[in-house]
Amino acid sequence: MKRFRWDKKYLHWGVTAFLVIAAAIVFYMIVNHLGFLGGALRSFGRIISPFIWGLVIAYLLYPLMRIYQRGIFQPLWKFLLKKNKKADKLVPKLSRGFSVFLAIISLLVILTGLVWLVAPQMYNSIETIIVNSSDYVEQADAWISRFFANNPELEATLSNSIGDMSKGLVTWATNNLLPEFRGLLTDITSGVFSFAKGIYNIIIGMIVSIYVLYSRELFSARSKKLLYAVFSLEAAEKILNAIHFTNDVFQGYISGKILDSLIIGILCYIGCVVLRLEYAVLVSFIVGVTNIIPFFGPFIGAIPSALIILTISPMHALVFVIFIVLLQQFDGNILGPKILGNRVGINGFWVMFSILVGAGLFGFGGMLLGVPVFVVIFTFIRNLVDRKLRRSGLPVDAEEFKTLDHFDPKSGEPVPITDEKRAARRRRRFGLGAKKEETAKVTVSPEPSEAEKEAADTDQR
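Residues numbered from 1 in each chain as written. Predicted model: local features only at pLDDT ≥ 70, side-chain atom pairs only at ≥ 80, totals over all residues. Heavy atoms only, no water.

Undergrad: Is there a simple way to think about the overall build of the protein chain in this case?
TA: Secondary structure summary: the protein chain contains 16 helices and 2 strands in total. When burial is assessed residue by residue, the protein chain has 24% of its 461 residues classed as buried. Contacts in the protein chain between residues at least 24 apart in sequence constitute 61% of all its contacts with a sequence separation of at least 6. Split by element, the accessible area of the protein chain, about 33,700 Å² in all, is 68% carbon and sulfur. (Helix = DSSP H or I, 4+ residues; strand = E, 2+ residues; numbered from the N terminus. Buried < 20%, exposed > 50% of the residue type's maximum accessible area, 1.4 Å probe, protein only. Contact = heavy atoms within 4.5 Å. Areas by Shrake-Rupley, 256 points an atom, 1.4 Å probe, with all protein chains shown as cover.)

Undergrad: What should I look at first to understand the confidence of the model for the protein chain in this one?
TA: Should the pLDDT be low somewhere, the predicted coordinates at that spot are not to be read in detail. With 71% of its residues at a pLDDT of at least 70, the protein chain reaches an overall mean of 76. Of all secondary-structure elements in the protein chain, the lowest mean pLDDT belongs to helix α15 (residues 432–443), at 49, while helix α7 (residues 216–230) reaches the highest, 89. Predicted confidence is poor over residues 434–438, with pLDDT under 50, and the contacts of this stretch with residues over four places away or in other chains come to 0 contacts. Every residue in residues 440–445 is under pLDDT 50, and counting partners more than four places away or in other chains gives 0 contacts. (pLDDT = per-residue confidence, 0-100.)

Undergrad: Mind showing me how you'd approach the nonpolar core here?
TA: Residues Cys268, Cys272, Val283, Val287, Phe320, Ile324 and Leu327 are the most contacted members of the largest nonpolar core, which totals 21 residues. Among the elements that make up this core, the one with the highest residue count is helix α11 (residues 314–340) (7 residues). The residues touching Leu327, leaving out its near neighbours within four places in the chain, are Ile264, Leu267 and Cys268. Counting 17 residues, the second-largest nonpolar core is a separate cluster that includes Ile57, Ala58, Leu81 and Leu107. (Core = buried A, V, L, I, M, F, W, Y, C linked by side-chain atoms within 4.5 Å.)

Undergrad: Can you walk me through the packing of aromatic side chains in this structure?
TA: Where two aromatic rings form a pair, the distance of their centres and the angle of their planes describe that pair. Inspection of the entire model under this criterion finds 4 aromatic pairs. With a centroid separation of 5.5 Å and 45 degrees between ring planes, the pair formed by Trp77 and Phe98 is classed as tilted. Taken as a pair, Trp77 in helix α2 (residues 34–80) and Phe98 in helix α3 (residues 87–131) lie far apart in primary sequence, 21 residues in all. Assessed through its relative accessible area of 17%, Trp77 is described here as buried. Ring centres 5.8 Å apart and planes at 65 degrees place the aromatic pair Phe353 and Phe374 in the edge-to-face group. On the criterion of sequence distance, the pair formed by Phe353 in helix α12 (residues 348–362) and Phe374 in helix α13 (residues 364–391) is long-range, its members being 21 residues apart. By relative accessible area, which is 38% here, Phe353 ends up partly exposed. By relative accessible area, Phe374 is classed as buried at 14%. These aromatic residues form a ring-pair network of at least three members: Phe73, Trp77 and Phe98. (Phe/Tyr/Trp six-rings, centres within 6.5 Å; stacked < 30°, edge-to-face > 60°.)

Undergrad: Sorry, what's going on with the side chain of Ser284 here?
TA: Assignment of secondary structure puts Ser284 in helix α9 (residues 280–290). Here Ser284 falls in the buried class, since its relative accessible area comes to 6%. Of the polar contacts made by the side chain of Ser284, one reaches the backbone nitrogen of Tyr269; its length is 3.0 Å. What Ser284 contacts, discounting residues up to four positions off in sequence, is Gly265, Cys268, Tyr269 and Cys272. (Polar contact = N/O pair within 3.5 Å; in protein donor to acceptor, adjacent residues only side chain to side chain.)

Undergrad: Can you help me understand the state of the cysteines in this one?
TA: A covalent bond between the sulfur atoms of two cysteines is what we call a disulfide. This model, assessed by the stated rule, comprises 0 disulfides. Looking at Cys268, it has no disulfide partner, and the nearest cysteine sulfur is the one in Cys272, 4.1 Å off. (Disulfide = S-S within 2.5 Å.)

Undergrad: Just checking my understanding: could you explain a nonpolar patch on the surface for this structure?
TA: Taken together, Leu259, Leu262, Ile266, Leu267, Tyr269, Ile270, Val273, Val274, Phe330 and Ile334 make up a surface patch of nonpolar side chains, about 890 Å² in accessible area. The set of elements that each furnish at least two residues to the nonpolar patch consists of α8 (233–274) and α11. Tallying contributions element by element places α8 first for the nonpolar patch, with 8 residues. Here Leu267 shows up in helix α8. (Patch = residues over 30% accessible without salt bridge, like charges linked within 9 Å, V, L, I, M, F, W, Y side chains within 5 Å. Salt bridge = Lys/Arg side-chain N within 4 Å of Asp/Glu carboxyl O.)

Undergrad: When you look at the packing of α8 against α9 in this model, what are you seeing that I'm missing?
TA: Close contact between α8 and α9 brings their axes to 8 Å; oriented N to C, the two are set at 155 degrees. Judged by the inter-axis angle, α8 sits roughly antiparallel to α9. When you trace α8 past α9, the crossing you get is right-handed. For the pair α8 and α9, contact is made by Ser261, Ile264, Gly265, Cys268, Tyr269, Cys272 and Val273 and by Ala280, Val281, Val283, Ser284, Val287 and Gly288, respectively. (Axes fitted to C-alpha atoms, helices over the stretch in contact; angles between N-to-C directions. Parallel < 35°, antiparallel > 145°, perpendicular 65-115°, else oblique. Left-handed = near helix turned anticlockwise from the far one by under 90°.)

Undergrad: Please clarify how the pattern of salt bridges should be interpreted in this entry.
TA: Two side chains carrying opposite charge are able to pair once their charged atoms lie near each other. Across all of its chains, the model carries 3 salt bridges by this definition. The residue Arg216 makes a salt bridge to Glu217 at a minimum N-O spacing of 4.0 Å. A salt bridge links Lys238 to Glu234; its shortest N-O distance comes to 3.6 Å. Of this pair, Lys238 and Glu234 both sit in helix α8, 4 residues apart, which is roughly one turn of the helix. Note on Glu234: relative accessible area 54%, which makes it exposed.

Undergrad: Any chance you could explain a positive patch on the surface here in plain terms?
TA: A surface patch of like charges, here positive, comprises Arg387, Lys388, Arg390 and Arg391. Examined against the element boundaries, Lys388 turns out to sit in helix α13. Residue Lys388 is classed as exposed on the basis of its relative accessible area of 56%. (Lys, Arg positive; Asp, Glu negative; His and termini not counted. Charge placed at Lys NZ, Arg CZ, Asp CG, Glu CD.)

Undergrad: Is there a simple way to explain helix α10 (residues 297–310) in this structure?
TA: When the terminal C-alpha atoms of α10 are compared, their 20 Å separation across 14 residues agrees well with the 20 Å that a helix rising 1.5 Å per residue should span. Every buried residue of α10 is accounted for by Gly297, Gly301, Ala302, Ser305, Ala306, Ile308 and Ile309. The buried residues of α10 occupy an angular sector of 155 degrees when the element is viewed end-on, so they sit on one face. Residues of α10 that are exposed and angled more than 90 degrees away from the buried face: Phe299, Ile303 and Leu307. (Expected span 1.5 Å × (residues − 1). Arc of directions from axis to C-beta.)

Undergrad: Which parts of the structure should I look at to understand the environment of Val56?
TA: As for its position among the elements, Val56 is in helix α2. Here Val56 falls in the partly exposed class, since its relative accessible area comes to 41%. C-alpha separation for the pair Val56 and Ser209, spaced 153 residues apart in sequence, amounts to 8.0 Å.

As structure tokens, this is what we get:
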């Protein structure tokens, strides 16, 4: 009996066809069950949210923990255990443990301090605005009457508008707001449950962050082990370099932005106190928090703050706007570049682009992290382009392309663009070259042939 043998060619085509059909079936099932998959992913995200919180907290606290470890506890334990034979093993463990503990305590102190200092004053400010809202309407009406005393028609129009707004507010509160209190118990229950779940996620996240911070080197070593097991040495090295670069960009940008916003919030509070502006704590908190958002942050924080102060005094609101403009000029030209340095590495156009795209895709989080994410993507694409140009023997500096027309295909030498070429292209762009050619065809007559010249000479004779 003849033994059956597989033909490698037909086996290859069979396996390929099977994989294509299986991939098509999987794709069809994914398309038809997108809702189910989306719900499953959201449920999975809710389940692992405490671990995500833990990783985020650990990532944010790592620079502070490193400062504590290298600056305080490592020298301290080396000094205390200098005569101990096991100092080499004890010092790293003790310094890391105390550094993690102090970093967590620092985070809790900062959060408690913000809540204790800012929350009561914010509550009092908002309560004052609500209680005195009718007085503010009367003050605005009186200010309009004084300001537009010489224009009674405009004064009457503005006064009627303010009266209509006040009546509309009362009507909305009577017809819409009060009936909503019937379902207040359900809303409170749901809010308490969400609040309790958020507190639970934060507590579990802090516990997870303690493990991650304390065993950071172990997690890093196992990740590298897995990386080198899956990829080649060259690919693994490139991935590690990309991860290190991304980490440097995010750490530098986030820490720098937080420090910059903290300083701006403190300066705003000092300025409001010196200028005797109302709601100094509330306004400074809004300006400091929104300043984390690049480019649009100053405007997002200044507009509602100015409107809050406007309810007290229009002149104070004008003073506040001028002060914020000066403060943001100081931040944008002196403080921000001093703290952030060249960590962004992209111009203002791409900053605005990344913020708008991030906000459109991921909301407020996209506005905060859109810039560093775009910096990483932008740098990756730029490195690919530069590597391709170097392999082709072409320059990588963008300045050398400003006066370039093209590269000679044979020699590879750059051919600069001249003024004559620019003028010719402008003529072609606006259709001037075609008109000139037609005019030349009409006005220029062809030269006579030799036979025509001889016939003309014979006629003359």
